[in-house]
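# Descriptive structure summary
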Amino acid sequence: MTKNPFRVVALPTSLAETARRNAAAGARDHRTTTVESAQTAPCRHCLTWANPGERVILFPFQSISSARPYGESGPVFIHADGCEQYSAPNEFPAAFRSGRALRAYNEDDEIVAAQLAGDAPEELASEMFEIPEVQFLHVRSACHGCYTFKLERA
Ligand SMILES: [Zn+2]
């Protein structure tokens, strides 16, 4: 098996901890809820689906700087009560192998390719990294469009 040409980047633990502090302090743009249905709240820190009954925080994440034309901020969930950051950077997260779209960005944070990933996200990601100007990819929900995680060149 060939090594994937990418590295999986989850939200940093420091950012997750800041979101948990902001939620506890009652920040208006942070909402803590209890998950009701399976596969509705992907945690961007541990890169698994939060289970029904688990508490999650919903808050806006700036996935592309607002100083860029393609600047983008959007809603993301993290587990409210702590979790371990995703620790297998060489493996595409099993929980998100389907239902995702990939966007490829250049060094100016501009989208140069975008496609539904189907059920073979590693293959599409590898193809996108063959485009020389591609610096990183966003893995997003195919239906909601929400940011799930980032892939950087390995
Ligand atoms: Zn989590």
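Just above, that's the structure.
Here goes a summary of the coordinates provided. (Residues numbered from 1 in each chain as written. Predicted model: local features only at pLDDT ≥ 70, side-chain atom pairs only at ≥ 80, totals over all residues. Heavy atoms only, no water.)

Right, let's get into the coordination of the zinc ion. Any two of four tetrahedral donors ideally make an angle of 109.5 degrees at the metal, while pairs among six octahedral donors ideally make 90 or 180 degrees. All of the protein donors around the zinc ion are C43 (SG), C46 (SG), H79 (ND1) and C83 (SG); their distances to the metal are 2.0 to 2.4 Å. Here the zinc ion binds four donor atoms, and the angle range of 103 to 115° at the metal identifies the geometry as tetrahedral. All donors to the zinc ion come from one chain, and their sequence spacing reads C-x2-C-x32-H-x3-C. Here the residue C43 occupies a position in strand β3 (residues 42-43), and C83 occupies one in the loop between β6 (72-79) and β7 (100-105), the gap between them amounting to 40 residues. (Donors = N, O, S within 2.8 Å, 3.2 Å for Na, K, Ca; no water. Tetrahedral: all angles 85-135°; square planar, octahedral: opposite > 155°, others 65-115°. Helix = DSSP H or I, 4+ residues; strand = E, 2+ residues; numbered from the N terminus.)

Each α-helix turn comprises 3.6 residues. Residues three or four places apart therefore point the same way. With twelve residues, helix α1 (residues 13-24) should reach 16 Å at 1.5 Å per residue; the first-to-last C-alpha distance of 16 Å fits that figure. Listed as buried for α1 are A16, A19, R20 and A23. The buried residues of α1 occupy an angular sector of 100° when the element is viewed end-on, so they sit on one face. Buried residues along α1 sit in contact with β2 (31-34), β5 (55-64) and β6. Looking one or two residues past α1, G26 carries a phi angle of roughly 85°, positive in sign. (Expected span 1.5 Å × (residues − 1). Buried < 20%, exposed > 50% of the residue type's maximum accessible area, 1.4 Å probe, protein only. Arc of directions from axis to C-beta. Contact = heavy atoms within 4.5 Å.)

Turning to its location among the elements, A120 is positioned in the loop between β8 (111-116) and α2 (121-129). Among the residues examined, A120 registers a relative accessible area of 28% and is labelled partly exposed. Between the alpha carbons of A120 and R97 there is a distance of 7.1 Å; along the sequence they are 23 residues apart.

It is worth spelling out the state of the cysteines at this point. Across all of its chains, the model carries zero disulfides by this definition. Among the cysteines around C146, which has no disulfide bond, C143 carries the closest sulfur, lying 8.2 Å off. A relative accessible area of 18% places C146 in the buried class. (Disulfide = S-S within 2.5 Å.)

Our next topic: the packing of aromatic side chains. Going through the model one piece at a time under the given rule, you end up with six aromatic pairs. Measuring from ring centre to ring centre gives 5.1 Å for F61 and Y147, while their planes differ by 45°; the resulting arrangement is tilted. Of the two residues, F61 is situated in strand β5 and Y147 in strand β10 (residues 147-153); the sequence distance between them amounts to 86 residues. Among the residues examined, Y147 registers a relative accessible area of 8% and is labelled buried. Ring centres of Y105 and F136 lie 4.9 Å apart, and the angle between their planes is 5°; this geometry places the pair in the stacked category. One end of the pair, Y105, is in strand β7; the other, F136, is in strand β9 (residues 136-141), with 31 residues separating them in the sequence. As far as burial versus exposure is concerned, Y105 and F136 are alike and both buried. Through pairs of rings, three or more aromatic residues link up here, namely F6, W49, F92, F96 and F149. For K150, the ring lying beneath its charged end belongs to F136, and the centroid distance is 4.6 Å. (Phe/Tyr/Trp six-rings, centres within 6.5 Å; stacked < 30°, edge-to-face > 60°. Lys NZ or Arg CZ within 6 Å of the ring centre and 35° of its normal.)

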